[in-house]
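Below are the chains, spelled out letter by letter.
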Amino acid sequence: MAEEEETTRPEFPITRVKKIMKVDKDINKINSDALHLVTYSTELFLRFLAEKSSVVAAEKKRKTVNIDHLRIAVKRHQPTSDFLLDSLPLPSPQPVRVTKTVSDRKPPPAGTRRIDAFFSKGKAKVDSP
């Protein structure tokens, strides 16, 4: 009995990977075996990144993986960090919430009472303009 090699098709389209590889001007021809190896390597690498990013998202108690989770996963894995971290977009700046102080707020309308005056003992004062 002859042993048959089990061939599996990669999940990525091989022709697209070939086009991406041909973008490099140093590459003229691509061997089909090399093309399959690059395609499978890409699949494995992206699966690895997805798993690590998912772990980070779970640690942060999030259901959706975002770019910040990917960036943290890349930072944690040194070999990946060495070449990929510079290619990732910069982290999104956290929105700064500006809280207004009491003096910055508009004065209440005439006849309005403050809530703390309502709960204080004795007669509540009504603000007058």
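Worth saying up front: this structure is predicted, and the values here are computed from it rather than measured. Counting restarts for each chain, with residues numbered from 1 along the sequence as it is written. Predicted model: local features are reported for residues with pLDDT of at least 70 only, side-chain atom pairs are reported and counted for 80 or more only, and whole-chain, interface and lining totals are derived from all residues. Calculated side-chain values reflect all of the structure's heavy atoms, with hydrogen atoms and water omitted.

Peer 1: Sorry, what's going on with the overall build of the protein here?
Peer 2: In DSSP terms, a helix is any run of H or I states spanning at least four residues, a strand is any run of E spanning at least two, and both are numbered starting from the N terminus. In terms of regular secondary structure, the protein is built from 5 helices and 0 strands. Walking the protein from its N terminus toward its C terminus, one meets helices and strands in the order α-α-α-α-α. Classification of residues uses two cut-offs on accessible area relative to the type maximum, computed with a 1.4 Å probe and protein chains only: under 20% is buried, over 50% is exposed, and between them is partly exposed. Counting every position in the protein, which comprises 129 residues, the buried fraction comes to 16%. By definition, residues are in contact when any of their heavy atoms lie within 4.5 Å. Taking as baseline every contact in the protein between residues at least 6 positions apart, the subset at least 24 positions apart corresponds to 28%.

Peer 1: Please explain the packing of helix H1 (residues 14–22) against helix H2 (residues 32–59) as it appears in this structure.
Peer 2: A pair of packed helices can be characterised by two numbers: the angle between their axes and the separation between those axes. It is the contact of H1 with H2, at a shortest axis distance of 10 Å, that shows an interaxial angle of 100°. Relative to H2, the element H1 lies roughly perpendicular. On H2, the residues that touch Ile 14, Val 17, Lys 18 and Met 21 of H1 are Leu 35, His 36, Val 38 and Thr 39. Only Asp, Glu, Lys and Arg are considered charged, only Ala, Val, Leu, Ile, Met, Phe, Trp, Tyr, Cys and Pro nonpolar, and every remaining residue, Gly among them, polar. Across the contact of H1 with H2, the residue classes tally to 5 nonpolar, 2 polar and 1 charged. Here an axis means a line fitted to C-alpha atoms, over the contact stretch when the element is a helix, while the angle between two N-to-C directions is reported on a 0 to 180 degree scale. Roughly parallel here means an angle under 35 degrees, roughly antiparallel means over 145, roughly perpendicular means 65 to 115, and every remaining angle is called oblique.

Peer 1: Hey, could you run me through unusual backbone geometry in this one?
Peer 2: For residues besides glycine, phi is generally negative; the peptide bonds are generally trans as well. One non-glycine residue, Lys 61, lies in positive phi territory at about 60°. Of note, Lys 61 is situated in the loop between H2 and helix H3 (67–76).

Peer 1: I would appreciate a short explanation of the nonpolar core in the present structure.
Peer 2: Judged by nonpolar contacts, Leu 49, Val 74, Leu 84, Leu 85 and Leu 88 together constitute the single largest core of 5 residues. In contact with Leu 88, not counting residues within four places along its chain, are Ile 67, Leu 70, Arg 71 and Val 74. Throughout this description, the term nonpolar core refers to a set of buried Ala, Val, Leu, Ile, Met, Phe, Trp, Tyr and Cys residues connected via side-chain atoms within 4.5 Å.

Peer 1: Would you take a moment to explain the environment of Lys 22 for this structure?
Peer 2: Positionally, Lys 22 belongs in helix H1. For Lys 22, a relative accessible area of 41% translates into the label partly exposed. Sequence-distant contacts of Lys 22, that is, excluding residues within four places in its chain, are made with Asn 28 and Ile 30. Here a polar contact is taken to be a pair of N or O atoms separated by no more than 3.5 Å, where protein atoms must pair a possible hydrogen donor with a possible acceptor and residues adjacent in sequence count only if both atoms sit in side chains. Polar contacts involving the side chain of Lys 22 include one to the main-chain carbonyl oxygen of Asn 28, which spans 2.8 Å.

Peer 1: I keep staring at the side chain of Ser 81 and nothing clicks. Help me out?
Peer 2: One can find Ser 81 in helix H4 (residues 78–84). What Ser 81 contacts, discounting residues up to four positions off in sequence, is Val 74 and Lys 75.

Peer 1: I'm lost on the packing of H2 against H3 in this one. Help?
Peer 2: H3 packs onto H2 with a crossing angle of 110° between their chain directions and a minimal axis gap of 8 Å. In terms of their interaxial angle, H2 and H3 are classed as roughly perpendicular. You can see that H2 and H3 cross each other, and the crossing is right-handed. Counted together, Leu 49, Lys 52, Ser 53, Val 56, Ala 57 and Glu 59 of H2 and His 69, Leu 70, Ile 72, Ala 73, Val 74 and Arg 76 of H3 form the full contact between these two elements. Broken down by class, the residue content of the contact of H2 with H3 amounts to 7 nonpolar, 2 polar and 3 charged. Handedness of a crossing follows from how the near helix is turned relative to the far one, being left-handed for an anticlockwise turn of less than a right angle and right-handed for a clockwise one.

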